[in-house]
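A closer look at the structure
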Amino acid sequence: MKKEFVVIGLGRFGGSIVRELIEQDADVMAIDKDTERVDEFASIATQAVVADTTDESVLKSLGIRNFEHVIVAIGENIQASILTTLMLKEIGVKKITVKAQNDYHAKVLDKIGADKVVHPERDMGIRIAHNMLSNNVLDYLELSDEHSIMEVKANERLAGFTLIGLDIRANYGINIVAIKRGKDIIVSPQADMEIQLQDILIIIGSDADINRFEKKMLN
């Protein structure tokens, strides 16, 4: 069976989620208060609906509790985002992911029971900043408030050394969990593996330790 999703809020973030889910062969109900936005997705989503999702009776009439995952991607209206999340919890939706505008919004969403809170603008800003600071940083993803995973391209300071020779864990407190080499991915590389120029290292650790490694070895 196809996976079934509801996306509420069809701005840039919500709209991109609808398109990608449809691309991945999921069923998607797309909802927004704006008729023009809904019309735009009428030919893309499985079902596109104009609705006020802060109204519990509207959510019930749409049968939203029968969907396995609802994404609340409401843009500027924090109150509508919070009320919609509350209503979804009230009617018994199993999994709710909500876009947060700021840390205050995120705290409220956590308290009222959102299963996952995402910060797309903030996360993208962090990724871009790291990429601007070093051309060797390809991607950066927060795992928690204090830990992250980073993709870096091996430069001259890293190439030609084995993992045990660099002793990155002892020197920086971080771990290389995988190496991408061309089309191959080497998971849990051996200590005697020699890093080659242009290898992509997947590194995990605390933000403080990653920042130390970034400044010392990549800049």
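Conventions we followed
- Residues numbered from 1 in each chain as written.
- Predicted model: local features only at pLDDT ≥ 70, side-chain atom pairs only at ≥ 80, totals over all residues.
- Heavy atoms only, no water.
- Helix = DSSP H or I, 4+ residues; strand = E, 2+ residues; numbered from the N terminus.
- Rg over C-alpha atoms; globule rule 2.2 N^0.38 Å.
- Buried < 20%, exposed > 50% of the residue type's maximum accessible area, 1.4 Å probe, protein only.
- Contact = heavy atoms within 4.5 Å.
- Areas by Shrake-Rupley, 256 points an atom, 1.4 Å probe, with all protein chains shown as cover.
- Lys, Arg positive; Asp, Glu negative; His and termini not counted.
- Charge placed at Lys NZ, Arg CZ, Asp CG, Glu CD.
- Pairing = 2+ DSSP bridges.
- Axes fitted to C-alpha atoms, helices over the stretch in contact; angles between N-to-C directions.
- Right-handed = clockwise from strand over helix to strand, strands pointing away.
- Phe/Tyr/Trp six-rings, centres within 6.5 Å; stacked < 30°, edge-to-face > 60°.
- Core = buried A, V, L, I, M, F, W, Y, C linked by side-chain atoms within 4.5 Å.
- pLDDT = per-residue confidence, 0-100.
- Domains from an automatic or database assignment.

1. Overview of the overall build of the protein
A tally of helices and strands in the protein yields nine helices and eleven strands. For the protein, whose C-alpha radius of gyration is 22 Å, the value lies well above the compact-globule estimate of 17 Å for 219 residues. Principal axes of the C-alpha set define a box for the protein whose edges measure 65 × 35 × 30 Å. Each of the 219 residues in the protein was classed as buried or not, and the buried ones make up 42%. Intrachain contacts of the protein at a sequence separation of at least 6 include 53% that bridge at least 24 residues. With an accessible surface of roughly 12,400 Å², the protein has 49% of that area assigned to carbon and sulfur atoms. Seen as two clouds, the 26 positive and the 35 negative side-chain charges of the protein have centres 3 Å apart.

2. A few points about the sheet that holds strand E5 (residues 96–99)
If you walk across this open sheet you meet the six strands as E3-E2-E1-E4-E5-E6, and the pairing is parallel. Edge positions in the open sheet fall to strand E3 (47–50) and strand E6 (116–118), since each of these has one partner strand only. For this sheet the average axis-to-axis angle between neighbouring strands, irrespective of direction, equals 15°. Here three bridges tie strand E4 (residues 69–72) to E5, and the two strands are oriented parallel to one another. When the bridges of E5 are listed, Val-70 appears paired with Ile-96. Its contacts with the sheet put helix H4 (residues 78–91) on strand E1 (4–8), E4 and E5, and the angle it makes with E5 is roughly 175°.

3. So, the pairing of E5
On a regular strand, each side chain points to the face opposite its neighbour's, so the side chains alternate between the two faces of the sheet. The alternating pattern of E5 places Ile-96 and Val-98 and Thr-97 and Lys-99 on opposite faces, both of which are buried. Crossover E4 to E5 through H4 is right-handed. In terms of strand pairing, E5 meets E6 through three bridges, oriented parallel. The partner of Thr-97 across the bridge, within E6, is Lys-116.

4. Regarding the packing of aromatic side chains
Given two aromatic rings, one states the distance between the centres and the angle between the planes to describe the pair. For the coordinates displayed, the defined rule picks out one aromatic pair. Centre to centre, the rings of Tyr-172 and Phe-213 are 5.5 Å apart; their planes meet at 80°, and the pair counts as edge-to-face. Within this pair, whereas Tyr-172 is found in helix H8 (residues 168–172), its partner Phe-213 is found in helix H9 (residues 207–218), the two being separated by 41 residues in sequence. When sorted by exposure, Tyr-172 lands in the same class as Phe-213, which is buried.

5. Quick word on the nonpolar core
By size, the foremost hydrophobic cluster in this structure holds 27 residues, and its most contacted members are Val-6, Ile-31, Ile-64, Val-70, Leu-88 and Leu-109. Residue assignment for this core shows that the elements contributing at least two residues are E1, strand E2 (27–32), E4, H4, E5 and helix H5 (103–111). Looking at this core element by element, the count peaks at five residues for H4. Counting 21 residues, the second largest nonpolar core, distinct from the first, contains Leu-158, Leu-163, Tyr-172 and Met-217.

6. Quick word on the confidence of the model for the protein
On average, residues of the protein carry a pLDDT of 90, and 96% of them reach 70 or more. Averaged over each element, pLDDT in the protein is lowest for helix H6 (residues 120–133) (69) and highest for E3 (97).

7. What about the domain arrangement of the protein?
Entries for the protein in the domain assignment read domain 1 (2–117) and domain 2 (125–216). The C-alpha-based centres of domain 1 and domain 2 are spaced at 36 Å.

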